[in-house]
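A structural walkthrough
Below are the chains, spelled out letter by letter.
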Amino acid sequence: MAIEIEPIFNEPALVVENEVRSLVIADIHLGIEWDLYTSGFSIPSRMQMGLDRILGYIQTVQPERLILLGDVKHNVPQISWQERDELPYFLRTLAEHVHVDILPGNHDAGIEFLLPEGKDLQLHSSRGAIIDSVGYFHGHTWPAPELLKTEYIITAHNHPTIRFTDPLGHVVVEPAWVRTKLKKEVLQSHYSSLDLNEEWKDPKVFIVPSFNELCGGVAFNESLEDDLLGPIFSSGAMELDNAELYLLDGTKLGLLKHVRKLHGPKKERKVRRKERK
């Protein structure tokens, strides 16, 4: 059976179908309200709103697995009282409807202490895992070598967005899907003990936007490699120039290198302004 990967229209969620149907969501950042409160912003908890949203996806998609692609919780390095109160209930409720896989991200330190007991839930390595022939990892670490032998890799971490600026300076930022490939020669320099020519399938990579709208994101059309988070991004191992960009409503923006030409990355714009002076 061929692997099918389709986003849910107008939502930051992905449906992956092979032997089983999986629902993929990244960067929930449960507990971000507490972090904002300590910074002077009082926002009521949105946990139930997010939970209801995901339960709606589950009802529509009817997946066999729910894959949470990292940063399920928000606060690091500590665990906030909000996370202690809300995360076990959040995960318990989801696991009552579907098997839950967690690929931990950099914000998920200590999440193992918050997992509800006796539920259909699995915590994987932070370096990722292969689930139903697809490689998954959050993106804050180098992926486990076996992921590089898959046809598809799904990652997150950078909360990809596109920043639109009109001639009057009005700015709109939209979450975006990014579809791209890896650069084998860059990966080979890191995985020096491996021969990537063996079983190399030139995997297609999908970068998932953030589920939590309060988190903000990285404007890929205004960023260079060293602006992005995670070693596989900042090392240049991710093919960015020829990455395809899509908005959540399915609008195809084209290749990143063409979208960048509209304004150029921030660093290039700064250089051009200095030259004009």
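An account of the accompanying structure is given in this report. Here the residue numbering is sequential within each chain, running from 1 through the sequence in written order. Only residues with pLDDT of at least 70 are given local features in this predicted model, and only at 80 or more are side-chain atom pairs given and counted; all residues enter the totals for whole chains, interfaces and linings. Hydrogens and water molecules were not included; the side-chain quantities draw on all heavy atoms of the structure.

Describing the overall build of the chain
Runs of H or I in DSSP of at least four residues are treated as helices and runs of E of at least two as strands, each being numbered from the N terminus. Within the chain one finds 7 helices and 15 strands. The C-alpha radius of gyration of the chain comes to 19 Å, within 12% of the 19 Å expected for a compact globule of 277 residues. The dimensions of the chain, computed from C-alpha atoms along their principal axes, are 60 × 50 × 35 Å. The buried label applies to any residue whose accessible area, calculated with a 1.4 Å probe on protein chains only, is under 20% of its type's maximum; exposed applies above 50%, and partly exposed to all values in between. Taking all 277 residues of the chain together, 51% fall into the buried category. A fraction of 67% describes how many contacts in the chain between residues 6 or more apart in sequence connect residues 24 or more apart. Note on areas: these come from Shrake-Rupley sampling with a 1.4 Å probe, and a residue is covered only by the protein chains present in the view. As presented, the chain carries roughly 13,300 Å² of accessible surface, and 50% of it is formed by carbon and sulfur atoms. Only four residue types enter the charge count, namely Lys and Arg as positive and Asp and Glu as negative; His and the chain termini do not. Where a charge sits is defined by one atom per residue type, namely NZ (Lys), CZ (Arg), CG (Asp) or CD (Glu). Distance from the positive charge centre (30 side chains) to the negative charge centre (41 side chains) of the chain: 9 Å. What the globule rule says is 2.2 Å times the number of residues to the power 0.38, and the radius of gyration is computed from C-alpha atoms. Here a residue-residue contact requires only that any non-hydrogen atoms of the pair lie within 4.5 Å.

A look at unusual backbone geometry
Negative phi characterises most residues that are not glycine, and trans characterises most peptide bonds. The omega angle of the peptide bond from Val76 to Pro77 is -5°, so this bond is cis rather than trans. Residue placement: Pro77 occurs in the loop between strand E4 (65–68) and helix H3 (81–95). Backbone geometry at Gln62 places phi at a positive 55°, although glycine is not the residue there. Note that Gln62 resides in the loop between helix H2 (47–61) and E4. At Glu199, a residue that is not glycine, the phi angle is positive and equals roughly 65°. If you trace the backbone, Glu199 turns up in the loop between helix H4 (184–190) and strand E12 (204–207).

Examining the packing of aromatic side chains
For this analysis, a ring pair means two rings from Phe, Tyr or Trp (six-membered ring only for Trp) whose centres lie within 6.5 Å, classed as stacked if their planes differ by under 30 degrees, edge-to-face if by over 60, and tilted for the remaining angles. Applying the stated criterion across every chain, the model contains 5 aromatic pairs. A centroid spacing of 6.4 Å and a plane angle of 90° characterise the contact between Tyr57 and Phe211, whose relative ring orientation is edge-to-face. A residue pair is termed long-range when its members are at least 10 positions apart, and Tyr57 in helix H2 and Phe211 in the loop between E12 and strand E13 (218–219) qualify at 154 residues. The class for Tyr57 is buried, based on a relative accessible area of 6%. Residue Phe211 is classed as buried on the basis of its relative accessible area, which comes to 4%.

Quick look at the sheet that holds strand E6 (residues 121–123)
Taken together, 6 strands build an open sheet; the order of strands is E1-E2-E3-E4-E5-E6 and the sheet is mixed. Looking at which strands have only one partner, the edges of the open sheet turn out to be strand E1 (4–7) and E6. Taking each pair of neighbouring strands and ignoring which way they run, the sheet shows an average axis angle of 20°. One requirement defines pairing of two strands: DSSP has to find at least two bridges between them. By the bridge criterion, 4 bridges tie strand E3 (residues 21–25) to E4 in an arrangement that is parallel. The angle between two axes is taken between their N-to-C directions and runs from 0 to 180 degrees, where each axis is a line fitted to C-alpha atoms and a helix contributes only its stretch in contact.

Description of the packing of H2 against H3
Axis separation between H2 and H3 bottoms out at 11 Å; the angle between their running directions is 15°. One finds that H2 runs roughly parallel with respect to H3. Between H2 and H3 lies a crossing whose hand is right-handed. Across from Met47, Gln48, Gly50, Leu51, Ile54, Leu55 and Ile58 in H2, the residues of H3 making contact are Glu86, Tyr89, Phe90, Thr93 and Leu94. Of the residues belonging to the contact of H2 with H3, the class tally is 8 nonpolar, 3 polar and 1 charged. Under this scheme an angle from 65 to 115 degrees is roughly perpendicular, one under 35 degrees roughly parallel, and one over 145 degrees roughly antiparallel; angles in between are oblique. Whether a crossing is left-handed or right-handed is set by the direction in which the near helix is turned from the far one by less than a right angle, anticlockwise for left-handed and clockwise for right-handed. Each residue gets one of three labels, nonpolar for Ala, Val, Leu, Ile, Met, Phe, Trp, Tyr, Cys and Pro, charged for Asp, Glu, Lys and Arg, and polar for the others, Gly among them.

Things to note about the nonpolar core
Note on terminology: a nonpolar core comprises buried Ala, Val, Leu, Ile, Met, Phe, Trp, Tyr and Cys residues joined through side-chain atoms within 4.5 Å. With 30 residues, the main nonpolar core has Ile25, Leu66 and Phe90 as its most contacted residues. Where this core is concerned, the elements lending two or more residues are strand E2 (13–17), E3, H2, E4, H3 and strand E5 (99–102). When residues of this core are assigned to their parent elements, the largest contribution, 7 residues, is made by H2. Beyond its immediate sequence surroundings of up to four residues, Ile25 is in contact with Ala13, Ile54, Tyr57, Leu66, Ile67, Leu68, Leu69 and Phe211.

As for a nonpolar patch on the surface
Here a patch means residues that are over 30% exposed by relative accessible area and free of salt bridges, tied together within 9 Å if like-charged and within 5 Å if nonpolar (Val, Leu, Ile, Met, Phe, Trp, Tyr). Basic side-chain nitrogens of Lys or Arg form a salt bridge, by our definition, when they fall within 4 Å of a carboxyl oxygen of Asp or Glu. On the surface, a cluster of nonpolar side chains totalling about 250 Å² of accessible area is made up of Phe41, Ile43 and Leu214. Position of Leu214 among the secondary structure elements: in the loop between E12 and E13.

Remarks on the pairing of strand E10 (residues 160–165)
Where E10 lies against E13, 2 bridges are found, and the strand directions are parallel. Looking at E13, one finds that Thr161 is bridged to Ala219. Pairing between E10 and strand E11 (residues 171–181): 5 bridges, direction antiparallel. Bridge assignment links Ile162 to a residue of E11, and that residue is Glu174.

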